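Each chain, letter by letter, is given below.
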Amino acid sequence: VDQNGTVKVSVQVKRLQTRDKSLDYVDPHSSFTFLIKENKSQIKLAIPKGSKVTPGEGTPLKKVAGEGGNDIYEFQSDLTPKLESNYNFSYILPTKLALSAESTSVDSFLQIQNGGWPYRLVQSVSMPEGWHLVASNQKTLYAKSNETIYDKIVDKDELISLVYAKK
């Protein structure tokens, strides 16, 4: 968050397939058995409608639809055993935080896909100088100076609500 309340979001998606060769794999959620090999996945992201999106180098985001007040973007993720795949992009929200008030809140809703596997989620919120965290609905936060970090393995949808006040 900059001094005038503009919110720029930087996103990095890291994927790693830990198996090093083709092995039988049984999906615990169904009876399917398949081999682990190189694969391709379509990653879909819901970004607030009207956000200005900047794809990162090597991350060809494509706007495909809109739903529920969000623009839907997707990209293809290639995954090779033992090689990490990284995807980066950023966007600027179409609204600003009201930093003229004595306090402001930042709410994030992060949704795991149905039947999805747990994953590591790291969210960092950097506020302008003079603002500090005063309340949150999360107990697993790390705060330093004007930055708040949420770093957790998640296996369900997460609502992260942060309240900041001027010092």
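Refer to the structure presented above.
The following refers to the structure shown. None of these values were measured; they are calculated from a predicted model. Counting from 1, residues in each chain are numbered in the order their sequence is written. Where totals are concerned, whole chains, interfaces and linings use all residues; where local detail is concerned, this predicted model gives features only for residues with pLDDT of at least 70, and gives and counts side-chain atom pairs only at 80 or more. Heavy atoms throughout the structure, all of them, feed into the side-chain values; hydrogens and water do not.

## Considering the nonpolar core
So, point 1. Nine residue types can take part in a nonpolar core, namely buried Ala, Val, Leu, Ile, Met, Phe, Trp, Tyr and Cys, and a core is a set of them joined through side-chain atoms within 4.5 Å. Under the scheme applied here, a residue whose accessible area is under 20% of the maximum for its type counts as buried, over 50% as exposed, and between as partly exposed, the area being computed with a 1.4 Å probe on protein chains only. Ranked by internal contacts, the top residues of the largest apolar core, which has 13 residues, are Leu97, Val106, Val125, Met127 and Tyr164.
So, point 2. Counting residues per element, this core draws most heavily on strand E14 (residues 158–166), at three residues.
So, point 3. In this analysis, two residues are considered to be in contact whenever any of their non-hydrogen atoms come within 4.5 Å of each other. Each residue touching valine 106, except ones within four places of it in the same chain, is listed here: Leu97, Val125, Met127, Ile160, Ser161, Leu162 and Tyr164.
So, point 4. Judged by nonpolar contacts, the second largest core, of ten residues, contains Leu45, Ile47, Tyr87 and Tyr91. Working definition: helices are DSSP H or I runs of at least four residues, strands are E runs of at least two. Numbering for both runs from the N terminus.

## As for the sheet that holds strand E12 (residues 141–144)
So, point 1. Pairing within the open sheet is antiparallel, and its three strands lie in the order E10-E13-E12. Taken across any chain shown, the strands that pair with only one partner, and hence form the sheet edges, are strand E10 (119–126) and E12. Neighbour-to-neighbour, the strand axes of this sheet turn through a mean angle of 15°, independent of strand direction. DSSP calls a pair of strands paired once it identifies at least 2 bridges connecting them. Axes here refer to lines fitted to C-alpha atoms; in helices the fit is confined to the stretch in contact. Angles between the N-to-C directions go from 0 to 180 degrees.

## Section: the packing of aromatic side chains
So, point 1. Centre distance within 6.5 Å is the pairing criterion for rings of Phe, Tyr and Trp, where only the six-membered ring of Trp is used; planes under 30 degrees apart are then read as stacked, over 60 as edge-to-face, and the remainder as tilted. Under the criterion given, the structure shown has two aromatic pairs.
So, point 2. Centre to centre, the rings of phenylalanine 75 and tyrosine 87 are 4.8 Å apart; their planes meet at 45°, and the pair counts as tilted. Placement of the pair is phenylalanine 75 in strand E7 (residues 70–79) and tyrosine 87 in strand E8 (residues 84–96), with a sequence separation of twelve residues.
So, point 3. Here the aromatic rings of phenylalanine 89 and tyrosine 91 are separated by 6.5 Å at their centres, their planes lie at 20°, and the arrangement is stacked.

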